[in-house]
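Here's the letter readout for the chains.
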Protein chains: 2
Amino acid sequence: MMKKSLLSFSLIASISILSTGCDQKPKENKPQDNSPITVNLTDNKEPKTKVLDPLATKAIEIGLKSIPEDLNELNKLIDNKNNPLNQAKIELGKMLYFEPRLSKSNLISCNSCHNLATGGDDDISSATGHKWTANPHHLNSPTVYNAVFASRQFWDGRDPDLEKQAQGPILAGPEMASTKEKVIDTIKSMPEYVSRFKEAFGNDEVTYEKATMAIGAFERTLVTPSRFDNFLNGDATGLSAEERKGLQTFIDKGCSTCHNGYALGGSMQPFPAVGKYKYANVGDFKGDANGLVKVPTLRNIMETAPYFHNGATWDLNEAVKIMGQTQLGIELTDSEVASIVAFLGSLTGEKPLIKYPVLPASTSTTPKPNLN
Amino acid sequence: MMKKSLLSFSLIASISILSTGCDQKPKENKPQDNSPITVNLTDNKEPKTKVLDPLATKAIEIGLKSIPEDLNELNKLIDNKNNPLNQAKIELGKMLYFEPRLSKSNLISCNSCHNLATGGDDDISSATGHKWTANPHHLNSPTVYNAVFASRQFWDGRDPDLEKQAQGPILAGPEMASTKEKVIDTIKSMPEYVSRFKEAFGNDEVTYEKATMAIGAFERTLVTPSRFDNFLNGDATGLSAEERKGLQTFIDKGCSTCHNGYALGGSMQPFPAVGKYKYANVGDFKGDANGLVKVPTLRNIMETAPYFHNGATWDLNEAVKIMGQTQLGIELTDSEVASIVAFLGSLTGEKPLIKYPVLPASTSTTPKPNLN
């Protein structure tokens, strides 16, 4: 079955992973006379015109973006010209994403900290890996879902894309603690992987960079359209009254100054900007050289507690309140916080269907685990 | 989508998980005049008669059994009258199987040690769990695939079935290190789980026993038919010449005395029986009160290194040689070992298609992790 799926090599086919398993409400076309923006969609080659709700119009104007419904458009958005997507590469990347034998111990995979079952992260404060070692700066694992939309990767934004990012944790001592040699030797020891490299990249040379390119390609497909996207795309019923109120507050108070774009986040910004961060004493992370910190995506925020770069609070209401203090210099009322949190709930998206991979059997040349 | 699948409540439907994703060769009907056993199959209600290869006949006579092709028959075989299978229970069990929040740390699930991607186990010698603690007896994680066919669970056979077995590792200090309270409170804190308990069990009372019953139900579906089953079912081309030679040797030398039944293993037997076990010094496990040890299944043995209860060798050839010495009191030749290992390769089965679950989001009442 694996073999067969590798034969369908088209770029469009690769994106079918995104549309499978979705269970979103059918989009309804409800024109409203007072809406200034119209969007032409060419789904199924039948042009449709959607007239947007004024709040959706405003949200788009200030920079909030919906994940494209059109698969060609989405594909262009998530692709990387230096690592073009194809189905074989995505499937190989999925296998390597779930591959614990890339780690020194054989116990830790990308999915250990960025668990696709639990919001794309790990439900603990400080990422914990090899030998049960916590991140030395008390950094929290960010979600991998929609990470493709971030302009930089890692909390200090040190890497430009997912392919480069994937090179880090595999080798990091407190994470997978591996070596490039172990990764390459492990992959080379299993003929199925080698032939998959050939299908993915056109030749069967196994390199560390290509392994992480495959992982990055898979991660690019992990986008999660939600009711909020439906709303921006013209479904005025996509948001409840409380959620609309929350979105309005989110815009009016200035949250969308940083939480914008497809990810509602992903750029580098000062943190804290104007007020003191009450949990600054948890860990020692102070951002990049200029004190900038990557803005976390708000998509699936309901599933990605605990919050902040140091995972300091499990309470989303508190996190929103703190953001008002540190970034906007304002005290949000409980009611404002509640409506913003309601709005954030609309960002819980449909996850792509992931068929759990069956990985090749180790061979006599597969490097042995080392738990020390 | 999850919700929808829960509505299909029939027992037959539940078994569809077993047949999806399989990529076995079509069974061919090749009668051979010298075969004494015929098998009537009622697949698709068209009775077919298959005439068996003499070696298949012999294998069946001495107690090797094929995983039923007929789904009703398979369903009867894997069901538990004290925990009847249904689709909702299997789906809930799958979620709990992959649920790291059942563990004390939020980091370890059943799938951590019994990884369905890597042969249903963990590719390390001694199971390692909470706080990176190795099993105190240096016991190796057995595969969960086909564990339903074992007459007893655990290396010392102390539990009678998968439902009871599942109660152990969740609470064990070196494994998931949880408490019944944490498990129950975690499940109860997420409304989706509570409603799934109702669908699975007819009422929404959440108990530790029911959680492990659901996990056991899921595990019952993890059976992996292979080319060997095709061979026993009448496909004489299911095994190569070398594999046939290996099966013949396997029977002639007496391996099938203990490695028989559906699992080619699963009963309690003396170990070592007649010779000294060269790795007896690795760990201190000596079997049950009578010195009996559970015979590991040979299905998927190519994927479940390292071998023996203490994971003492990664070399299947060496493991076979040792078994000749300890259990049969014979020195198998290299050629005999090679052909037996070739035969064992025919036991690598098709894994059921597992859609990786999307677990419910934690709520304010979900117990927090404790990594200590």
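A quick note: this is a predicted structure, and the numbers were derived from the prediction, not measured. (Residues numbered from 1 in each chain as written. Chains lettered and ligands numbered in written order. Predicted model: local features only at pLDDT ≥ 70, side-chain atom pairs only at ≥ 80, totals over all residues. Heavy atoms only, no water.)

**Considering the overall build of chain A**
The following threshold applies: In DSSP terms, a helix is any run of H or I states spanning at least four residues, a strand is any run of E spanning at least two, and both are numbered starting from the N terminus. Burial classes: relative accessible area under 20% of the type maximum marks a residue as buried, over 50% as exposed, and values in between as partly exposed (1.4 Å probe, protein chains only). Throughout, a contact is declared for two residues whenever any of their heavy atoms are within 4.5 Å. Areas reported here follow the Shrake-Rupley algorithm with a probe of radius 1.4 Å; residue values treat only the protein chains shown as occluding.
Within chain A one finds 15 helices and 6 strands. By the burial criterion, 56% of the 372 residues in chain A qualify as buried. Looking at chain A alone, contacts between residues at least 24 apart form 72% of all its contacts between residues at least 6 apart. Of the roughly 14600 Å² of accessible surface on chain A, 54% is carried by carbon and sulfur atoms.

**Comments concerning the packing of aromatic side chains**
Note the following rule: Pairing of aromatic rings covers Phe, Tyr and Trp, the last counted by its six-membered ring, and requires centre-to-centre distances within 6.5 Å; plane angles under 30 degrees mean stacked, over 60 mean edge-to-face, and any other angle means tilted.
In total, this model carries 25 aromatic pairs over all chains according to the counting rule given. The interplanar angle of 75 degrees and the centroid separation of 5.7 Å between the aromatic rings of Tyr97(A) and Phe98(A) together place this pair among those described as edge-to-face. Note on Tyr97(A): relative accessible area 0%, which makes it buried. Three or more aromatic residues joined by ring pairs form one cluster here, namely Tyr97(A), Phe98(A), Phe218(A), Tyr356(A), Tyr97(B), Phe98(B), Phe218(B) and Tyr356(B).

**As for the interface of chain A and chain B**
What counts, and what does not: What makes a salt bridge here is a side-chain nitrogen of Lys or Arg within 4 Å of a carboxyl oxygen of Asp or Glu, nothing more. Polar contacts, as counted here, are pairs of nitrogen or oxygen atoms within 3.5 Å of one another; within protein the pair requires one atom able to donate a hydrogen and one able to accept it, and residues that are adjacent in sequence qualify only if both atoms are side-chain atoms. In this count, Pro and Cys sit with the nonpolar residues alongside Ala, Val, Leu, Ile, Met, Phe, Trp and Tyr, while Asp, Glu, Lys and Arg are called charged and the others, Gly among them, polar.
Opposite the 40 residues of chain A that make contact, chain B presents 40 residues. Linking chain A with chain B are 0 salt bridges, by the criterion used here. Linking chain A with chain B are 14 residue pairs in polar contact (both at pLDDT 80 or more), by the criterion used here. Of the residues in the side of chain A that touches chain B, the class split is 20 nonpolar, 10 polar and 10 charged.

**A closer look at the relation of the copies chain A and chain B**
Operational definition: Least-squares fitting of one copy onto the other uses the C-alpha atoms of those residues that reach a pLDDT of at least 70 in both copies.
Superposing chain A onto chain B requires a rotation of 180 degrees together with a translation of 0.0 Å along the rotation axis, leaving an RMSD of 0.0 Å. The transformation relating the two chain copies, once decomposed into turn and shift, fits a two-fold axis. Among all C-alpha atoms of chain A, that of Lys355(A) lies closest to the rotation axis, at 2.3 Å. Same-surface contact between copies: 100% of interface residues of chain A are shared with the interface of chain B.

**Here's the deal with the nonpolar core**
To keep it simple, the criterion reads: Grouping buried Ala, Val, Leu, Ile, Met, Phe, Trp, Tyr and Cys residues that are joined through side-chain atoms within 4.5 Å yields what is termed a nonpolar core.
Ranked by internal contacts, the top residues of the largest apolar core, which has 96 residues, are Leu96(A), Leu116(A), Ile187(A), Leu96(B), Leu116(B) and Ile187(B). Filtering out sequence-adjacent residues up to four positions away, Leu96(B) remains in contact with Leu102(B), Cys110(B), Ile187(B), Tyr193(B), Phe197(B), Ala211(B), Ala214(B) and Ile215(B).

**Focus on the domain arrangement of chain A**
In many reports, interface size means the accessible area that the parts give up when they come together. Residues and elements named next belong to chain A. In plain terms, the rule: Source of the domain bounds: an automatic or database domain assignment. Once two parts are brought into contact, the accessible area they lose, counted with a 1.4 Å probe and summed over both, makes up the buried area.
Structurally, chain A comprises domain 1 (37-69 + 224-345) and domain 2 (87-220). Taking only C-alpha atoms, the centre of domain 1 and the centre of domain 2 are 27 Å apart. At the junction of the two partners, domain 1 supplies 29 residues and domain 2 supplies 23 residues. Interface area for domain 1 against domain 2, summed over the two sides, is near 2000 Å², with a carbon-plus-sulfur share of 60%. On the domain 1 side of the interface with domain 2, the three residues burying the most area are Phe285, Lys294 and His309, jointly 25% of the side's total. Summed over the shared surface of domain 1 and domain 2, the result is 0 salt bridges. The tally of links from domain 1 across to domain 2 stands at 7 residue pairs in polar contact (both at pLDDT 80 or more). At 3 residues, strand S6 (residues 292-294) tops the list of elements feeding residues into the side of domain 1 that touches domain 2. Of the residues assigned to the side of domain 1 that touches domain 2, the class counts are 13 nonpolar, 11 polar and 5 charged.

**Quick look at the packing of helix H5 (residues 87-97) of chain B against helix H10 (residues 191-201) of chain B**
Residues and elements named next belong to chain B. Stated precisely, the cut-off is as follows: An axis is simply a line fitted to the C-alpha atoms; with a helix, the fit covers only the stretch in contact. Between two such axes, the angle follows the N-to-C directions and lies from 0 to 180 degrees. Note on angle classes: values under 35 degrees are labelled roughly parallel, values over 145 roughly antiparallel, values of 65 to 115 roughly perpendicular, and the remainder oblique. Crossing chirality is assigned from the near helix's rotation relative to the far helix, an anticlockwise turn below a right angle marking it left-handed and a clockwise turn marking it right-handed.
Two elements in contact, H5 and H10, have axes whose closest approach is 8 Å; the angle formed by their N-to-C orientations is 140 degrees. In terms of orientation, H5 lies oblique with respect to H10. Relative to H10, H5 is oriented so that their crossing is left-handed. For the pair H5 and H10, contact is made by Ala88, Lys89, Glu91, Leu92, Met95 and Leu96 and by Glu192, Tyr193, Arg196, Phe197, Glu199, Ala200 and Phe201, respectively.

**Points about helix H9 (residues 180-188) of chain A**
Three or more residues of H9(A) are buried, namely Lys182(A), Val183(A), Ile184(A), Thr186(A) and Ile187(A). As for H9(A), its buried residues are in contact with helix H5 (87-97), helix H8 (167-171), helix H10 (191-201) and helix H11 (208-220) of chain A.

**Focus: the pattern of salt bridges**
For side chains of opposite charge, pairing can occur when their charged atoms come near one another. Tallied over the full model, the rule gives 30 salt bridges over all chains. For the salt bridge of Arg158(A) with Asp156(A), the shortest nitrogen-to-oxygen distance reads 3.1 Å.

**Focus on the side chain of Asn146(B)**
Residues and elements named next belong to chain B. Relative to the assigned elements, Asn146 resides in the loop between strand S4 (133-134) and helix H7 (162-165). By relative accessible area, Asn146 is classed as buried at 1%. In this structure the side chain of Asn146 is engaged in a polar contact, spanning 3.0 Å, whose partner is the side chain of Thr224. Discounting chain neighbours no more than four positions away, the residues touching Asn146 are Ile67, Leu222, Val223, Thr224, Ala263, Arg299 and Asn300.

**Focus on unusual backbone geometry**
All names here are of chain A. A cis geometry characterises the amide bond from Phe271 onward to Pro272, with omega recorded as -10 degrees. Within the fold, Pro272 resides in the loop between strand S5 (268-270) and S6. For Asp123, which is not a glycine, the phi torsion comes out positive at approximately 55 degrees. Overall, the relative accessible area of 3% leaves Asp123 in the buried class.

**Regarding helix H4 (residues 71-78) of chain A**
What counts, and what does not: Note: the arc covers the axis-to-C-beta directions of the helix.
Turning to H4(A), its buried residues are Leu74(A), Asn75(A) and Ile78(A). The buried residues of H4(A) occupy an angular sector of 100 degrees when projected down its axis, which confines them to one face.

**Details of the environment of Pro357(B)**
All names here are of chain B. Counting through the fold element by element, Pro357 comes out in the segment after helix H15 (334-345). Given a relative accessible area of 0%, Pro357 falls into the buried group. With 262 residues separating them in the primary sequence, Pro357 and Met95 have C-alpha atoms 5.9 Å apart.

**Some thoughts on the side chain of Lys351(B)**
Residue and element names in this part refer to chain B. Within the fold, Lys351 resides in the segment after H15. A polar contact is formed between the side chain of Lys351 and the side chain of Asn300, at a distance of 3.1 Å. Reaching out from Lys351, the side chain makes a polar contact with the backbone oxygen of Gly349 at a distance of 2.7 Å.

**Section: the state of the cysteines**
Residues and elements named next belong to chain A. What counts is decided by this rule: For the purposes of this analysis, a disulfide is any pair of cysteine sulfur atoms at a distance within 2.5 Å.
Tallied over the entire structure, the rule returns 0 disulfides over all chains. For the unlinked cysteine Cys255, the closest cysteine sulfur is that of Cys258, found at 9.4 Å. Residue class for Cys255 comes out buried when judged on its relative accessible area of 13%.

**Some remarks on the packing of helix H9 (residues 180-188) of chain B against helix H11 (residues 208-220) of chain B**
All names here are of chain B. For the pair H9 and H11, the least separation of the axes is 9 Å and the interaxial angle reads 75 degrees. Here H9 is positioned roughly perpendicular relative to H11, judged by the angle of their axes. Here Lys180, Val183, Ile184 and Ile187 of H9 come into contact with H11, specifically with Tyr208, Glu209 and Ala211. A per-class count over the contact of H9 with H11 returns 5 nonpolar, no polar and 2 charged.

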